[in-house]
Amino acid sequence: MRKSSLILNILLLFICLVLCLAGCQTSTTPSDVPSGNSLAWQIQAARFEIKDSLKTIESVTQYNGSKIDVEHKQSPQAGFVYLIINVTISKTSNQSASPFDWQWLVVKDASGNSYHRLENDTFLEQFQYTPRITGLQLRLGEYNGWMGYEISASAATGKLTLAYTAEGSQQEIVLQK
Amino acid sequence: MKKKILVILLTIAVILGIAAGVIFSGVLVRPTKASLAKVTPVPSYDILKTQQQRELDILADYAKGSYTPQNPYVIQDPYKANPLSALILFETAEPDQVSVSVAGKNKYATFTDTIGGFTTHHEVAVLGLYAGQANQVELTITDRNGQTQTIRQVLQTEPLPYDFPNLAVKVSQPEKMEPGLDLMTACLDSNYTYLLDANGEVRGYFASKNFGHCTSMHVLKNGRLLTTGDVQKLMPYNMYTLWEMNLLGKVFVEYEVPNAVHHDIIELENGDFLAVSNNKDMPYGYNSREDVIIRIDRQTGAVKNEYNLRQVLDDSRYPYNHYDPGVKNAPNRDWAHTNSVAFDQNDNNIIISSPIQSAVVKFNPDTNAIDWILSSPEGWDGAFSKYQQYLLKPIGTPFEWQWGQHDITILPDTDGDPNTIDILLFDNGQAKSYTEANSVKPADNYSRAVIFHINETNRTAEQIWTFGKELGSGAYATFLGSAQQLAQTGNINIDFGGMLRQDGVPVDNIVSGVIGKTQVQSRVVEVQRNGEVVFDMSVTPNHASDASTYQVRKIALHTAAIQYALGESQGKRLGVVQSSGPTTYKLPNFFIPRISLNFKQLYQQDGALIMQGNFLYQGKAYMLGKVLFVLKSQDRQYIFASNSGVNGNFAARFDLGEVLPGEYAIYVVGGVVDGMDALGKVKPGYNPTGHKIQVSRQP
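Residues numbered from 1 in each chain as written. Chains lettered and ligands numbered in written order. Predicted model: local features only at pLDDT ≥ 70, side-chain atom pairs only at ≥ 80, totals over all residues.

Let's talk about the overall build of chain B
Phase 1: Looking only at helices and strands, one finds 4 helices and 43 strands in chain B.
Phase 2: The buried share among the 699 residues of chain B stands at 49%.
Phase 3: Partitioning the contacts of chain B with sequence separation of at least 6, the portion at a separation of at least 24 is 62%. (Helix = DSSP H or I, 4+ residues; strand = E, 2+ residues; numbered from the N terminus. Buried ≥ 20, exposed ≤ 12 C-beta atoms within 10 Å, placed from the backbone. Contact = placed C-beta atoms within 7 Å.)

Side note on the domain arrangement of chain B
Phase 1: What the domain assignment lists for chain B is domain 1 (25–46 + 580–695), domain 2 (66–156) and domain 3 (166–574).
Phase 2: One C-alpha centre belongs to domain 1 of chain B, the other to domain 2 of chain B, and the line joining them spans 48 Å. (Domains from an automatic or database assignment.)

What to know about the pairing of strand β43 (residues 682–695) of chain B
Along any regular strand, the residues point their side chains to alternate faces of the sheet.
Residue and element names in this part refer to chain B.
Phase 1: Across 2 bridges, strand β1 (residues 40–41) lies against β43 in parallel orientation. Paired with T40 across the strands is H691, a residue of β43.
Phase 2: Here strand β42 (residues 662–673) runs beside β43; their pairing, made up of 12 bridges, is antiparallel. Across the sheet, residue G670 finds its bridge partner in β43, namely G685. (Pairing = 2+ DSSP bridges.)

Some details on the interface of chain A and chain B
Phase 1: In this assembly, 20 residues from chain A lie in contact with 24 residues from chain B.
Phase 2: For the side of chain A that touches chain B, the residue count by class is 6 nonpolar, 12 polar and 2 charged. (Nonpolar A, V, L, I, M, F, W, Y, C, P; charged D, E, K, R; others polar.)

Remarks on the sheet that holds strand β38 (residues 624–632) of chain B
Phase 1: Within the open sheet, the 5 strands sit side by side as β1-β43-β42-β38-β39 (chain B). Their pairing is mixed. Whereas interior strands pair on both sides, the edge strands pair on one side only; in this sheet they are β1 and β39 (637–641) of chain B.

Re helix α3 (residues 47–62) of chain B
The periodicity of an α-helix, 3.6 residues per turn, causes residues three or four positions apart to be oriented the same way.
Residue and element names in this part refer to chain B.
Phase 1: With 16 residues, α3 should reach 22 Å at 1.5 Å per residue; the first-to-last C-alpha distance of 22 Å fits that figure.
Phase 2: What α3 keeps buried is the set I47, Q51, R54, E55, I58, D61 and Y62. Along the axis of α3, the buried positions cluster into a sector of 130°, meaning they face one direction only.
Phase 3: Of the surrounding secondary structure, the elements contacted by the buried residues of α3 are β2 (73–76), β3 (86–102) and β15 (251–261). (Expected span 1.5 Å × (residues − 1). Arc of directions from axis to C-beta.)

Some thoughts on the sheet that holds strand β7 (residues 142–152) of chain A
Across a sheet, paired strands are connected by hydrogen bonds in the backbone, their directions being either parallel or antiparallel.
All names here are of chain A.
Phase 1: The 3 strands lie next to each other as β1-β4-β7, forming an open sheet whose pairing is antiparallel. At either margin of the open sheet sits one strand with a lone partner, and together these are β1 (41–51) and β7. For this sheet the average axis-to-axis angle between neighbouring strands, irrespective of direction, equals 25°.
Phase 2: Examined bridge by bridge, β1 and strand β4 (residues 80–91) share 10 bridges and lie antiparallel to one another. Across the sheet, K51 pairs through a bridge with Y82, a residue of β4. (Axes fitted to C-alpha atoms, helices over the stretch in contact; angles between N-to-C directions.)

Digging into the confidence of the model for chain A
Phase 1: For chain A, per-residue confidence averages 79 on the pLDDT scale, and residues scoring 70 or more make up 71% of the total.
Phase 2: Every residue in residues 15–37 of chain A is under pLDDT 50, and counting partners more than four places away or in other chains gives 22 contacts. (pLDDT = per-residue confidence, 0-100.)

Side note on the environment of S644(B)
All names here are of chain B.
Phase 1: Position of S644 relative to the elements: it lies in strand β40 (residues 643–644).
Phase 2: Residues S644 and L628, 16 residues apart in the sequence, show an inter-C-alpha distance of 9.0 Å.
Phase 3: Apart from residues no more than four positions distant in its own chain, S644 is found in contact with G625, K626, V627 and F650.

Given below as structure tokens:
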């Protein structure tokens, strides 16, 4: 009896652990995202997250140990979700001096719709997506950080591709869920 | 039976012996190859080398293409320092001169600059872009015959950071304002330093919050901006370095100052700097702080003179004030909190401002003899009555003494009388009394800018202009602030810099504001001498609690400092580096994992480990605490003490010269005390930081 109860407990614990891990995975899973081909600019997407809203509680600790909690929330427009991608963009050693222009970096969904980076995604840092990658035109060097897109909620369940088109060639990265 | 007991006892003894052996051998706190492999290496960083490499990279990238005025090479934020700046590079077939203009929302906000002489290679600095807009930039190219062509570029910028303070303009009359931009200097590392145009719009900002804290920024005669650098000696504003830089973010010279500079630096006629500073052994080797003026040799960067204010004033005089954090047995006392310095070229004497003493003091730096003291007569009796002879006598009405003042300036002479001197300052009005009993409550208080006309022969002070009382407690700033007389209009630009507010009501607790418990706002008012307000803007917090503005200076956007050739020269480092060597400390034999660290800076530079940040003890910030750092390899260790400030803040620069080459895990050890007695019982902590350092230099 004791032995079976012990086994049952262990089994329950194991199930809890599996559920826990599965729960963690639903919201922010780092995907196995392949890099695209080498161009003047190399783009690598390390991970991405899809969020229907962003929420954070800013906890300010005082010297006496007390805390003030302030809640911040940010939502996309109705029918859309946030696609937040961590990318590294680096100039390759080829002889091109072409700048990296953000208007050519789009997310495409399975229906062929294209989405541009949000004009203002500075809010990402507030939700601990730090560092945020600059949105200025890039000329040289390597840049890393998070960037934000708003995509249709229905498209979020299908195939998503991060595509950069410049110099007549295309670099595509499939964002695998 | 006895034998059995003996065996048990022996077994216990052996187990205890083995346990003691394990604990005292240090094996429990020794890094292993496996643990070292998991932790993050400390990066190397040197701003001067990084910027030089960046310039060379830009030139190499530029060399890949062929650029003309119609098709120029544009790089935004070239130094990753000011996101509202850019460089435009191109070639012309014949030597031409270029001017650049950034279109503003009206003519007062449109900025134009003509670059140097006639040349075929052009490097044009673009400053004053708006945030989050497609900026219209115009290049006018003129040949030697006066023929011009105009090229237009559109530069798209990003919105301001999410935590940029809220700016609310109440009054803006650009036609009556001094031309230029307001340089808004941050005080704490939770706010930005930025540039405002006459419409109150941001036209430049420094993305880094790690430099320029709570210290004046001046445009030098060479057109460069002088500011404190980003290596902290003691929180929140005692800085080891000074920078000569430009608004693109390029650092031309870094001065190493062992004494650490804070609050104010000025440029003297011969180019030397006079700065508000400390004894170089502060904080632990000298029992007071912020009470030394230093003169820095511009050529070598060395501190060539130190003027100790404890030899000028009695440091035991201690008026009621709101700067004191109330720490018992503090390692040093802040009796002066000197925040401004001026140099009188007529007699080579120095004038200083001590807000804690509510006194402006002129003295001879060679003899320490006092010329005069501008201060309320309150509190200069008893043991301090010997100073009464130096107190200036007030004449004329109205007249009010200043309290907790900031930013003293000797104004240009207007009466031609060598016996007189006019001093402009920002009078915070803090407490308005030497005693708590007679102090004015913040809700009834006000701050102001004021000009005193001082007759040094008659030893009198006359208040000849003031503004601020009209604004009442709505602009009361317990601390920080500035007042600047503007050259063209004669207007006074006033910064009500540290307005502490709880639920919108003025309060006086500076320490609470500094540690983020009380909101700090600020307000900038440009006023004509007749009292008409021509600009009035409020700065309030956005996410962070801090929207203080240490100082405001009206400056020109374009100066000679933005005209230089990329890659021509790396910024140079002058002066003497002060770093702490290893110390001794009784380390626990096992980890007490209670200290968590937040590094705001952590890097190696030229044989030194530089760090700055704050720590929590079991998830809580304590007002008093101290941390040391242990560099530990598998067979040796070195212990370094940081300079710990209040509320878990620490800063350090460790000299790795004695550290043998190898890979070291970095541990933190130390603790906190409950209450406000620095000698209270320490709650200990000792744990890895998650970082390691590779030391390769031979000692």
